[in-house]
Amino acid sequence: MASTEKTVTLWLYRAIAFLSVVALLSSKVVKADDVRRKTLTFHPSLEQNSKKTRDIVLPVNEYGDGKDFSINQHVSEHIENDRVKRQAPTLLSQGSSVRGFLPTLPANSTSVFPLNDTHFMLTVHWAGEGSDVVVCLARNPTQSADASSSVFVSYDYGRTFVRKDHLFVLPNGKPASIGRFFNHPKVNSHYVFTDVTNKHMFTTTNSVHTVQSYPLDFAPEDITFDEKKPFSIIAYDKSDRLRRLWFSRNFGMDWSTVREFVKSWFLDVTTSPTTLYVEYETPGADNIVLSSISMFTATNDAKVVIANVEDFELRDDFMLATRRNPGGDLDLLVSYKRGPFVVASFPSKLRRRDFHIADISEGQLMVCVNHDSMLTNLYISNVPDDTKGVQFSLSLERVLYFYPEGAFPNSWLKDVGAEAFIDIHRVGKLRGIYIASQFRDANATALTKTSVTPDDLVTVVTFDKGGEWKLIQPPRYDDEGQSIDCQRSKGCSLHLSQRLSQLYPINKTAPILTSSSAPGIIVATGVIGASLKGHPGVFVSADAGLTWHQVLKGSYWYTMGDHGGVLVAVKMFRADAATTELLYSTDEGETWNTHQFIDEPMRVYGLITEPGENTTIFTMFGSKSGSHQWIIVTVDLKAAFQYECKEEDYKLWSPSGSLSGRPCLLGHQLSYQRRMAHSNCYNGKSYSRPTIIANCECRREDYECDFGFKEEEVTNQCIRDPDSTVDVFSVPMKCPPGEFYNRTKGYRLVPGDTCVGGDGGSRFAPDKVACPVTEEADFILVAQRQKILRIDLRNTERLDEFPLPALQNVFALEFDIRSNCVYWADSLQDKIWRLCLDGKSVPQILVETQLESIEGMAFDWLSNNLYFVDGARAKIEVIRTDINNTGRMRRTILNGTVLDKPRGITVHPVRGYMFYTDWSTEKACVCRANLDGSSQEKLIGAPMVQWPNGVTIDFFADRLYWVDAKSDYIASADLDGKNIKKILEGTDQTLHPFSVAVFKNVMYWDDWNAQGIFMADKNRGTGLSTIASRLPGVMDLKIFSQSLRHGSNACSTNSSSSASVCPFLCMGRPNNGYSCICPDGMHVELQANGSEKCLCPDGHAPQANGSCSLVNQTCPEDYFECQTLEMCIPSLWRCDGDNDCHDKSDEANCTTPSCSSSQFQCGNGRCIPSHWRCDFDNDCLDGSDEVSCGK
């Protein structure tokens, strides 16, 4: 709300004043009866004008007599076990053992200016933007009417200062007690100084050369500027019982009341004129938010934005509010781009007690949700849209978040006056890179105790905007070149200090330093080990956090300048740590040089440079030993460089180029021009860094878990979040017929990610599913030998039997949901049937010859091809279902050269794959091939699979599921066979599993021995339950839904029939490819693109139905001559049940063939391979193959 820019506040206090300073640090927390506590807070980086504002609190642990200052007993109890030994000084003032060899800086590079001021607090501000003005305010922590203060101004960038106290005098002649000052964000010569205790304001429009004085009727505690109007000011009085907000359009001369009982206010400068938003409280009710484009000075100008809220915030494109729901939890209401408010959805059933906005970027919110006093999780939203609204997915569990009213209620943090904070740091201007503090383990004692120490925390980093978090890679060597034995695989890593470590009384440290002017460079205080507890050192990364090297031991202040061209450090003040030396490095921390900036040791309380880190001028604040008086030391390190940089001193650097195995970051390779580390040249303050952007193909790291999903730790796959109560697969409320909606696979593209195409695009991108004309019920079909049962998934207790005639032994089934036709194979009849359930059709035989044991079927709904597995003949064949002649273009896809004992089959028409299982002792596998049978590949073999039975595809997650009847388990894997995971094993419901199907978040299977149908969570196997029991002889089981049969491939695109793409059989292939193949019996010419050209034996093209004309009044070998028509058909079409000759002559005088010499004839007439006899399996189904077997 208040606007202060380029401001650094330094605190110095004696041991005896510690608790009073703590009270001041908490001054933003007003009286309980004044303002209701905040339930919606923001990371400091998101505060108004945060890019130009820095308030750094620098407490001093020791003072004067060299003794440790006393802290109260409550704090001591919590940190007693965390005391560390003081570090012995090492070479180069506890620095690197590598000394640089740069020339000594000239004398005029350093200026020492004593302010001759003994106040304990100093606020320093750079006007910036081409100005040499630096303003300092010195005061004591406790403000009163008689409290003194001093204002100093430098007009030469901090080398000398002028005391301006004579300009800040009250009307009664007494000096004013200036508590704060504010600078206009656009007009840097405009300042406002406030005296709250005397209700007075001083303004200047010429950088404090002259000052105007105004008495007020209120205490101006907060000041906000309208960026578009240099003289418009908003002021707020927190101590006012009526909590009034005030407005002045003439820079403090006249004031009018905006509103009473104001809790918060915001200016939206993106509108014209500027819009003021005010949240105010109503007696006995929740708050109301109003907006006005006239600062509420015009009549009937106010508009209600939202009502009945507890908190309201405005940041960038977002308006955010909290509201208490009937269950007592907080809801987060979100308005994107000033649109309507919607309630954000979170996937967890946990309570929501508090929200903290950690980051906003590219239309995406990163929000920490406090669930109880110890547990806070980090969530990331989608980019809001009309279809999904605002949905959050879990990104990181157990993050460190503190707020005084709830988290860690009995912690030492309250005793040091800590305000709400979250230990998350966004790395400079690099997109998607964050560093966070996390509690070490889900079962860690920190989550059950009431306090927190560094020993409870580890540091993790993400390079894909929270999609995946990892421990930080430790350096291989320390600053003295000694090897470091630390491996992440053994729980050892690098941990970096953030806000908690700044506040921790035992060993306070500096925070992580990154800058948008120095992409990829990170300087941080850290510890190597199992947690954040240990001896600190300074670490530098030059590749955005991928690798690190230690540069210094101990605690230091540090900053950077010249766009990252120089790193600077100075020893942080301790009782024995006054210093005369400044350390600096011009090669990204590889070597360090020293510069003596003062003759006598100085206690350094802060090291800073102008925000933006693009100059070579650095300022230290402190005092000499003995008695406290502020000293300001300015050092210009420009002389440390030998020349101004030239073109050959630069190279392109990319954060993604540094990441092993990650050629791209957030879908593109962003390359920055950066000075080479060993070029000792000067970038210059006006240096503009060129960048190059190139998009990349999509990969797993470009996606994060979608709403309702969470990442599994073992496989890194996004699986259904068990705490989520939302049906993430449901059809959207707005889904008119003729349009499409995106159905998630559990992943969503990270907002801001620009990747295109690639394998990841098909694996992780959502499916485009047609909006239903009328939504049909989803159902299970299961074969039970003499019947086929239908189970409605909305009511699984009801089993309906399909009206199918004379079923004898149905092994396999399929269903064409578009045509409402059921397919089945009867192993005793050795026929494949179809019946369309339209009330008109009769059962139709599709295949009745050369079949022996159909054990699996799969329907390609895009090409209208039906695949079937003949286990006895070791074949996988295919027919077309959209024609009624010429043998339905029957084709053998795979045969005994590849197969031995095939069993299950499933197809993925969109991806162009078929998957099948083989029971063979030698060839047992879950295998994959293209739909035309090419590119066979064993995905999973022995010993993982022994007797793989049914196989299916989870189209929602693009994963493969199968059951093993020997090892008695159900497992899944990626479509390439990777990331294998056993879901269930050795249960009473997996004694001999036969078939498996997956729908949404549930897997279904049947079991021969358990004689039932069962269901469980597809990721964990939890929630196991029985759908139907006492079902002997259960065989094939499949799930059918309009939402599963969708998509397109090259055979279906812009085509009502695959025949318009290929003359006979069109087979989809991966990457939206296809091949044209010929029915069995035709002569084939293989084409360069893998397709087949189908020819008659004489080399002529066949007729449209696949038949050939007579040549010399006779048919060629392997062809049958029709009786009444002059045409020839392949001999294989003879006696196949189809009237291919159109005169039925090809179906006359047909007899059932006997078994071949390599087969065994069962008692029921079936033929099975001879080596299946006496293998302990009832392959004949009548037991005859297991009779008279030797022991």
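Small disclaimer: the values here were computed from a predicted structure and weren't measured.

Here is what the cut-offs are and how they apply
Within each chain, residues carry numbers counting from 1 in the order of the written sequence. Totals for whole chains, interfaces and linings use all residues, but because this is a predicted model, local features are given only for residues with pLDDT of at least 70 and pairs of side-chain atoms are given and counted only at 80 or more. To obtain the side-chain values, all non-hydrogen atoms of the structure were used and water was disregarded. Pairing between two strands requires that DSSP report at least two bridges joining them. Here a helix means four or more residues in a row that DSSP labels H or I, a strand means two or more in a row labelled E, and each is numbered from the N terminus. Helix axes are fitted only over the stretch in contact, all axes being lines through C-alpha atoms; the angle between N-to-C directions runs from 0 to 180 degrees. Accessible area is worked out with a 1.4 Å probe on protein chains only. A residue is then buried under 20% of its type maximum, exposed over 50%, and partly exposed in between. Any N or O atom pair separated by 3.5 Å or less is treated as a polar contact, with the protein-specific requirement of one donor-capable and one acceptor-capable atom, and with residues adjacent in sequence counted only for side-chain atom pairs. For Phe, Tyr and Trp, rings pair up if their centres lie within 6.5 Å, where Trp contributes its six-membered ring, and each pair is then called stacked (planes under 30 degrees apart), edge-to-face (over 60) or tilted (otherwise). Two thresholds decide whether a charge sits over a ring: the Lys NZ or Arg CZ must be within 6 Å of the ring centre and within 35 degrees of the ring normal. Definitions used for this entry: grid spacing 1 Å over protein atoms alone; cavity, a set of points where a 1.4 Å probe fits but cannot get out; pocket, an open set with protein on both sides within 12 Å along at least 5 of 7 lines; lining residue, one with an atom within 4 Å of a point. Grid points are joined across faces, edges and corners, and a volume is the space filled by probe spheres set on the points. Nonpolar residues are Ala, Val, Leu, Ile, Met, Phe, Trp, Tyr, Cys and Pro. Charged residues are Asp, Glu, Lys and Arg, and all others, Gly as well, are polar. Disulfide assignment relies on a single distance test, namely cysteine sulfur atoms paired within 2.5 Å.

Draft legend 1. Region of interest: the sheet that holds strand β56 (residues 779-783). Taken together, the four strands give an open sheet; going across it, the order is β58-β57-β56-β79, and neighbouring strands pair in antiparallel fashion. The sheet is open, and its two borders are formed by β58 (799-801) and β79 (1037-1040), each paired with just one other strand. Neighbour to neighbour, the strand axes of the sheet diverge by 25° on average, direction disregarded.

Draft legend 2. Molecular detail of the pairing of strand β4 (residues 121-126). Most of β4 sits inside the fold, with six of its six residues counted as buried. Residue alternation in β4 divides its side chains into two sets, Met121, Thr123 and His125 and Leu122, Val124 and Trp126, and both sets are buried. Across six bridges, β4 lies against strand β5 (residues 134-139) in antiparallel orientation. The residue bridging His125 from the neighbouring strand is Val135, located in β5.

Draft legend 3. A look at the side chain of Asn809. Mapping Asn809 onto the fold places it in the loop between β58 and β59 (810-816). Polar side-chain contacts of Asn809 include one of 2.8 Å to the side chain of Arg785.

Draft legend 4. Representation of the packing of aromatic side chains. For the structure shown, the criterion picks out 38 aromatic pairs. Ring geometry for Phe994 against Trp1008: centres 5.0 Å apart, planes inclined by 15°, an arrangement best described as stacked. Taken together, the residues Phe994 in strand β75 (residues 993-999) and Trp1008 in the loop between β76 (1002-1007) and β77 (1012-1017) connect sequence positions 14 residues apart. Given a relative accessible area of 30%, Trp1008 falls into the partly exposed group. Taken together, Phe168, Phe181, Tyr191, Phe193 and Phe202 form an aromatic cluster joined through their ring pairs. In this arrangement the basic side chain of Arg700 is found over the ring face of Phe764, its NZ or CZ atom lying 5.9 Å from the centre. The ring of Tyr913 carries Arg928 above its face, with NZ or CZ at 4.1 Å from the centroid.

Draft legend 5. Structural detail: the sheet that holds strand β63 (residues 854-860). Spatially, four strands are ordered β63-β64-β65-β66 in an open sheet, and the strand pairing comes out antiparallel. Looking at the sheet topology across the chains shown, the edges are occupied by β63 and β66 (891-894). Each neighbouring strand pair of the sheet contributes to a mean axis angle of 25°, computed without reference to strand direction. Sheet topology places strand β64 (residues 865-870) next to strand β65 (residues 875-880); six bridges connect them, and they run antiparallel. Considered in β65, the bridge of Tyr867 is made with Val878.

Draft legend 6. Layout of empty space enclosed by the protein. Scanning the entire structure with this criterion turns up 12 cavities of 30 Å³ or more. Taken as a whole, the largest cavity holds about 330 Å³ of empty space. Lining the largest cavity we find 28 residues, and of these Glu814, Thr906, Thr952, Lys1038 and Arg1045 sit closest to its centre. Every element with two or more residues in the lining of the largest cavity is listed here: β63, β67 (902-908), β71 (948-954), β75 and β79. Its residues assigned to classes, the lining of the largest cavity comprises 16 nonpolar, six polar and six charged.

Draft legend 7. How the structure looks around the state of the cysteines. Scanning the model with the defined rule gives 10 disulfides in all. The partner cysteine of Cys705 in its disulfide is Cys718, sulfur to sulfur 2.1 Å. The chirality of the disulfide connecting Cys705 with Cys718 is left-handed, given an S-S dihedral of about -90°. Of this pair, Cys705 sits in strand β50 (residues 703-705) while Cys718 is found in strand β52 (residues 718-720), placing the two residues 13 residues apart along the sequence. Judged on exposure class, the residue Cys705 and its partner Cys718 are both buried. Through a disulfide, Cys821 is tied to Cys836; the S-S separation comes to 1.9 Å.

Draft legend 8. The side chain of Asn949, seen in detail. Mapped onto the secondary structure, Asn949 falls in strand β71. At a separation of 3.5 Å, a polar atom in the side chain of Asn949 contacts the side chain of Trp919.

Function cannot be read off these values alone, since they describe shape.
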